[in-house]
Amino acid sequence: GAVVSQHPSWVICKSGTSVKIECRSLDFQATTMFWYRQFPKQSLMLMATSNEGSKATYEQGVEKDKFLINHASLTLSTLTVTSAHPEDSSFYICSARAPPQETQYFGPGTRLLVL
Amino acid sequence: QKEVEQDPGPLSVPEGAIVSLNCTYSNSAFQYFMWYRQYSRKGPELLMYTYSSGNKEDGRFTAQVDKSSKYISLFIRDSQPSDSATYLCAMKKGQAGTALIFGKGTTLSVSS
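What counts and what doesn't
- Residues numbered from 1 in each chain as written.
- Chains lettered and ligands numbered in written order.
- Predicted model: local features only at pLDDT ≥ 70, side-chain atom pairs only at ≥ 80, totals over all residues.
- Heavy atoms only, no water.
- Helix = DSSP H or I, 4+ residues; strand = E, 2+ residues; numbered from the N terminus.
- Rg over C-alpha atoms; globule rule 2.2 N^0.38 Å.
- Buried < 20%, exposed > 50% of the residue type's maximum accessible area, 1.4 Å probe, protein only.
- Contact = heavy atoms within 4.5 Å.
- Areas by Shrake-Rupley, 256 points an atom, 1.4 Å probe, with all protein chains shown as cover.
- Core = buried A, V, L, I, M, F, W, Y, C linked by side-chain atoms within 4.5 Å.
- Buried area = accessible area lost by both parts, 1.4 Å probe.
- Salt bridge = Lys/Arg side-chain N within 4 Å of Asp/Glu carboxyl O.
- Polar contact = N/O pair within 3.5 Å; in protein donor to acceptor, adjacent residues only side chain to side chain.

Draft legend 1. Main features of the overall build of chain A. In terms of regular secondary structure, chain A is built from 0 helices and 11 strands. Counting from the amino terminus, helix and strand elements in chain A follow one another as β-β-β-β-β-β-β-β-β-β-β. In terms of overall size, chain A behaves like a compact globule, its C-alpha atoms giving a radius of gyration of 13 Å where 115 residues would be expected to give roughly 13 Å. Taken over the C-alpha atoms alone, chain A extends approximately 40 × 25 × 20 Å along its principal axes. By residue count, 51% of the 115 residues in chain A fall in the buried class.

Right, here's the structure in full:
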């Protein structure tokens, strides 16, 4: 199946700093990527849909100024958590839509801990 | 009513048992159905993909979709301890680029 990578796999930062997470589709081009957030023992919660070359579409309740998404190429989307606070600590997972089937392949996730 | 309902379990079975995992949904517009397996602290891994109704088999895994009942199932034959994970059902409408809607996931534990 298609491979999606994420970097970094985990990050610890101080409150108030910004953190950038990269999501790459390694062996296919992804016009659409998705960013999810997952709290312990909870299901995946969609944060935003990222389309290459256009602005991301955010889900209700997700602050677009806090979670900046950039999808500058067909193989790379980035999520920047700006001015991170302890409540932003979570597991962030990206996925990429792989044509022609309507499937999504997920990255391994990034664990963020804000102190 | 949530769009996708899935019993979170946990479900505990002995090694070799047949496991049945299920999801129900309310939106008849869903056309694509998937099952993902997620190990602790890892990203979800695509197990099965089905378009519209019918059965699909891959090794020890069988996925079934019954659109008339809005019900999907994943069967695991000869379950192994390595199958212990959380299983997420997911589905989407037909429009290209729309996001998957996930169930909450069922936690499965297979004991040796």
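Draft legend 2. Looking closely at the overall build of chain B. When its secondary structure is counted, chain B shows 0 helices and 11 strands. When its helices and strands are written in sequence order, chain B yields β-β-β-β-β-β-β-β-β-β-β. A compact globule built from 112 residues would reach a C-alpha radius of gyration of about 13 Å, and chain B, at 13 Å, matches this within 12%. For chain B, the spread of C-alpha atoms along the three principal axes comes to 45 × 30 × 25 Å. A buried classification covers 44% of the 112 residues belonging to chain B. Excluding contacts between residues fewer than 6 apart, the proportion of contacts in chain B whose partners are at least 24 apart in sequence is 55%. If you sum the accessible surface of chain B, you get close to 5,300 Å²; carbon and sulfur atoms cover 47% of it.

Draft legend 3. Examining the nonpolar core more closely. Within the largest apolar cluster, 25 residues are counted, with the highest numbers of intra-cluster contacts made by A:Val4, A:Trp35, A:Leu79, A:Tyr92 and A:Leu112. Of all elements in the fold, only strand 2 (10–13), strand 3 (19–25), strand 4 (32–38), strand 5 (45–51), strand 7 (67–73), strand 8 (76–81), strand 9 (90–98) and strand 11 (110–114) of chain A reach the threshold of two or more residues within this core. The dominant element in this core, judged by the number of residues it contributes, is strand 9 of chain A, at 4 residues. Counting residues in hydrophobic clusters, the runner-up holds 24 residues, among them B:Val4, B:Trp35, B:Met48 and B:Phe61.

Draft legend 4. Examining the interface of chain B and chain A more closely. Contact with chain B, which involves 21 residues of that partner, is made by 20 residues of chain A. Of the roughly 1,500 Å² buried between chain B and chain A on both sides combined, carbon and sulfur atoms contribute 60%. Inspection of the region where chain B meets chain A yields 0 salt bridges. Linking chain B with chain A are 4 residue pairs in polar contact (both at pLDDT 80 or more), by the criterion used here. Secondary-structure elements contributing two or more residues to the side of chain B that touches chain A are strand 4 (30–38), strand 5 (45–51) and strand 9 (85–93) of chain B. The biggest single contributor to the side of chain B that touches chain A is strand 4 of chain B, with 4 residues.

Draft legend 5. Inspection of unusual backbone geometry at higher detail. A cis amide bond links A:His7 to the next residue, A:Pro8, at an omega of 0°. Within the secondary structure layout, A:Pro8 lies in the loop between strand 1 (4–7) and strand 2. B:Pro10 follows B:Gly9 through a cis peptide bond whose omega is 10°. Here B:Lys70, not a glycine, exhibits a phi torsion of approximately 55°, which is positive. Notably, B:Asp78 is not glycine yet its phi reads approximately 45°, a positive angle. Relative to the assigned elements, B:Asp78 resides in the loop between strand 8 (71–76) and strand 9.

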